[in-house]
Amino acid sequence: MWSWEAFFSFLHNPLIIQGAWTTIWLTTVSMALALPLAVLVALGRASRLVPVRAVTGFYVWLMRGTPLLVQLVIIYTGLPQLGLRLGVISSALTGLVLNEAAYLSEIVRAGVLSVPRGQSEAARALGMPPWKVFRVVVMPQALRVMVPPLGNSFNGLLKTTTLVSVISVEELLRRTQFAVQTNFRVLEGLTAAALYYLAMTTLWGLVQRWLEARVGRGHQSGPTSARRMKSATLELETR
């Protein structure tokens, strides 16, 4: 039968709280490392160099076409056979970053493609170098499109971290399994863990809505890069 006493004891169990903290920092670090890699992959897929497009396309195809669980096991148990031995945390971060970057690269690429080509062409006509065109003109406009799916990816990554328990990372799910072994109240323990996941995703949902509103206001308030580019182009044409 259900035990409320056991359930509430799991809610404030130090093992489970520490596991929740591990889940949070593991998700944050993985996302922070995956996003720059995703930008590089997205730029590589848009490159005019065929080898670069081929390599980045193969990477996305491989990471998205195989399960993350399989990738984690290969990294943790397979790479040592090739002479490359990683620790538990290093293996987990490597797997999460490589897998997440492949998905994020498609979000970044879609955001960049959503910006009209005329914007970058006008910037180049004004003499801006390519890196500045991307940073000043393209990314601010693409970011408005990218923020919602990026936020959803972070939400999903919070729950995907449960997979790293397979390679002995003591995140929320694995810590809960340890805590359950003390009294074998599996349902109460997993329900407490589910509430922690629900609390984390709910709090992130609030942060995501704030970010979306902030990016939206930033796009609407004041002249944006696109408007400045149009004004500068018109000025040049009237000279």
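Before any of the text, the structure's been laid out above.
Residues numbered from 1 in each chain as written. Predicted model: local features only at pLDDT ≥ 70, side-chain atom pairs only at ≥ 80, totals over all residues. Heavy atoms only, no water.

## Looking at the overall build of the protein
Applicable threshold: Going along the chain from the N terminus, every DSSP run of H or I of four or more residues is numbered as a helix, and every run of E of two or more is numbered as a strand. Atoms considered for the radius of gyration are the C-alpha atoms alone. The globule rule reads 2.2 Å times the number of residues to the power 0.38. Between buried and exposed lies partly exposed: a residue is buried under 20% and exposed over 50% of the maximum accessible area for its type, with that area taken using a 1.4 Å probe on protein chains only. In what follows, residue pairs with any heavy atoms lying within 4.5 Å of each other are defined as contacts. Computed with a 1.4 Å probe, the accessible areas rest on the Shrake-Rupley method; for each residue, only the protein chains presented here act as cover. In this count, Lys and Arg are taken as positive residues and Asp and Glu as negative ones, while His and the chain termini are left out. Each charge is placed at NZ for Lys, CZ for Arg, CG for Asp and CD for Glu.
Each helix and strand counted, the protein has 10 helices and zero strands in total. Starting at the N terminus and ending at the C terminus, the protein contains elements arranged as α-α-α-α-α-α-α-α-α-α. For the protein, the C-alpha radius of gyration of 23 Å lies well beyond 18 Å, the compact-globule estimate for 239 residues. Split into buried and exposed, the 239 residues of the protein put 39% on the buried side. Counting only contacts in the protein whose residues sit at least 6 apart along the sequence, the fraction spanning at least 24 positions is 77%. Accessible surface, the protein: about 13,600 Å² in total, of which carbon and sulfur atoms supply 66%. Here the protein holds 22 positive side-chain charges and 10 negative ones, and the gap between their average locations is 9 Å.

## Observations regarding the pattern of salt bridges
Where we set the bar: Take a side-chain nitrogen of Lys or Arg and a carboxyl oxygen of Asp or Glu: if they are within 4 Å of each other, that pair is a salt bridge.
Evaluated as defined, the whole model comprises five salt bridges. Between E106 and R64 there is a salt bridge whose closest N-O contact spans 3.8 Å. Here the residue E106 occupies a position in helix α5 (residues 88-113), and R64 occupies one in helix α3 (residues 50-65), the gap between them amounting to 42 residues. The exposure class of E106 is buried, given its relative accessible area of 19%. Residue R64 is classed as partly exposed on the basis of its relative accessible area, which comes to 40%. Its salt-bridge partner being E106, residue R109 comes within 3.1 Å of it at the nearest N-O pair. Within this pair, R109 and its partner E106 are both found in helix α5, separated by three residues, close to a single helical turn.

## Looking at the packing of aromatic side chains
This is how it is decided: Side-chain rings of Phe, Tyr and Trp (the six-membered ring for Trp) are treated as a pair once their centres are within 6.5 Å; stacked means planes under 30 degrees apart, edge-to-face means over 60, and tilted covers the remaining angles.
A complete count under the given rule lists seven aromatic pairs for this structure. Between W2 and F7, the aromatic rings sit 5.5 Å apart at their centres with planes inclined by 40°, giving tilted as the arrangement. An aromatic cluster is built from W2, W4, F7 and F8, whose rings are joined through pairwise contacts.

## Re the side chain of Q208
This is how the line gets drawn: Here a polar contact is recorded for every N or O atom pair within 3.5 Å, except that within protein the pair must consist of a potential hydrogen donor and a potential acceptor, and residues adjacent in sequence are included only if both atoms are side-chain atoms.
Here Q208 shows up in helix α9 (residues 186-220). For Q208, a relative accessible area of 9% corresponds to the buried category. Of note is the side chain of Q208, whose polar atom sits 3.1 Å from the backbone oxygen of P148. Leave out the neighbours within four places in its chain, and Q208 touches P148, G151 and N152.

## So, the nonpolar core
Spelled out, the test is: Nonpolar core, defined: a set of buried Ala, Val, Leu, Ile, Met, Phe, Trp, Tyr and Cys residues in which side-chain atoms within 4.5 Å join the residues together.
Judged by nonpolar contacts, the single largest core of 51 residues is most densely connected at F10, Y59, L104, M146, V164 and L172. Going through the elements one at a time, α1 (4-11), α2 (14-45), α3, α4 (68-78), α5, α7 (130-160), α8 (172-180) and α9 are the ones with two or more residues in this core. The greatest single-element share of this core, amounting to 11 residues, is contributed by α7.

## Remarks on the environment of L143
Within the secondary structure, L143 is located in helix α7. For L143 and W131, which are 12 residues apart along the polypeptide, the C-alpha to C-alpha distance reads 16 Å.

## Description of the side chain of T176
Position of T176 relative to the elements: it lies in helix α8. Each residue touching T176, except ones within four places of it in the same chain, is listed here: I16, G189, L190 and A193.

## Some remarks on a nonpolar patch on the surface
For the record, the criterion: Each patch is built from residues lacking any salt bridge and having more than 30% relative accessible area; the joining distance is 9 Å for like charges and 5 Å for nonpolar side chains (Val, Leu, Ile, Met, Phe, Trp, Tyr).
Judged by side-chain polarity, W2, W4, F8 and L187 come together as a nonpolar surface patch covering roughly 470 Å² of accessible area. Residue position: F8 is located in helix α1. For F8, a relative accessible area of 46% gives the class partly exposed.

## Observations regarding unusual backbone geometry
The phi torsion at S168 lies on the positive side, around 75°, for a residue other than glycine. As for its position among the elements, S168 is in the loop between α7 and α8. Judged by its relative accessible area of 35%, S168 is partly exposed. A positive phi angle is found at F184, which is not glycine, with a value near 60°. Looking at the secondary structure, you find F184 in the loop between α8 and α9. Taking the relative accessible area as the measure of exposure, F184 reaches 65% and is therefore exposed.

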